[in-house]
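Residues per chain, in single letters:
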Amino acid sequence: MNYPAEVICQHGLDGKIMPIKVRITDENGERQQYVIKAYKELDPGRGSTEGGRIPATLSLHRYDCKIEAFGSVIDLSLYYNSTNGKWNAIV
């Protein structure tokens, strides 16, 4: 599922974005907040993403993250569009 997301992040001295927390509204309309336990940034513009559902561009930054929810570690992909400043989460 693709959700608009609110992300708290830190910017390093080198300009890299480090996501720390993510907040999404789930399919039941409830806001959920998660701490990002680990992440890996993928190179912008490397092929299509999520089976072609999201076109890859140089302005789209992808972060493969691990979050803890309900006692389990879950994979989450975050996408930041630097053109419009918006984040999306795919669970």
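Use the structure listed above.
Residues numbered from 1 in each chain as written. Predicted model: local features only at pLDDT ≥ 70, side-chain atom pairs only at ≥ 80, totals over all residues. Heavy atoms only, no water.

A.B. asks: Would you mind showing me how to read the pairing of strand β6 (residues 86-90) here?
C.D. replies: For a regular strand, side-chain orientation follows a simple rule: the groups alternate between the two sheet faces. By the bridge criterion, four bridges tie strand β1 (residues 2-11) to β6 in an arrangement that is antiparallel. Residue pairing for β6: Asn-2 is matched across the bridge by Ile-90. The pairing of strand β5 (residues 72-81) with β6 spans five bridges and is antiparallel. The residue of β6 that forms the bridge with Ser-77 is Ile-90. Remark: four residues form the turn of the hairpin made by β5 and β6, two consecutive strands paired antiparallel; Gly-85 in that turn has positive phi of roughly 70 degrees. (Pairing = 2+ DSSP bridges. Helix = DSSP H or I, 4+ residues; strand = E, 2+ residues; numbered from the N terminus.)

A.B. asks: Help me out: how do you make sense of the sheet that holds strand β4 (residues 60-69) in this one?
C.D. replies: For sheets, the rule is that strands pair by backbone hydrogen bonds, running either parallel or antiparallel. Around the barrel, which closes on itself, the six strands sit in the order β1-β2-β3-β4-β5-β6 with antiparallel pairing between neighbours. With direction set aside, neighbouring strand axes in the sheet form an average angle of 40 degrees. (Axes fitted to C-alpha atoms, helices over the stretch in contact; angles between N-to-C directions.)

A.B. asks: What am I meant to see in unusual backbone geometry here?
C.D. replies: One can expect most non-glycine residues to show negative phi and most peptide bonds to be in trans. Positive phi, close to 55 degrees, is recorded for Phe-70, a residue that is not glycine. As for its position among the elements, Phe-70 is in the loop between β4 and β5. Phe-70 gets classed as exposed once you look at its relative accessible area, which sits at 76%. (Buried < 20%, exposed > 50% of the residue type's maximum accessible area, 1.4 Å probe, protein only.)

A.B. asks: Hey, could you run me through the environment of Cys-65 in this one?
C.D. replies: With respect to the helices and strands, the residue Cys-65 is situated in strand β4. Residue classification places Cys-65 among the buried positions, given a relative accessible area of 2%. Taking the C-alpha atoms as reference, Cys-65 lies 5.6 Å from Ala-38; in sequence the two are 27 residues apart. Excluding residues within four positions of it along the chain, Cys-65 makes contact with Pro-19, Ile-36, Ala-38, Tyr-39, Ile-74, Asp-75, Leu-76 and Leu-78. (Contact = heavy atoms within 4.5 Å.)

A.B. asks: So what exactly am I meant to see when it comes to the packing of aromatic side chains here?
C.D. replies: Describing an aromatic ring pair means giving the distance of the ring centres and the angle of the ring planes. In the structure shown here, the tally under the stated rule is three aromatic pairs. Ring geometry for Tyr-63 versus Trp-87: centroids 5.9 Å apart, planes at 35 degrees, classification tilted. Of this pair, Tyr-63 sits in strand β4 while Trp-87 sits in strand β6, and the two are 24 residues apart along the sequence. Here Tyr-63 and Trp-87 have matching classes, each one buried. Ring pairs connect the aromatic residues Tyr-39, Tyr-63, Tyr-80 and Trp-87, which therefore count as one cluster. (Phe/Tyr/Trp six-rings, centres within 6.5 Å; stacked < 30°, edge-to-face > 60°.)

Shape is all these values report; function is a separate question.
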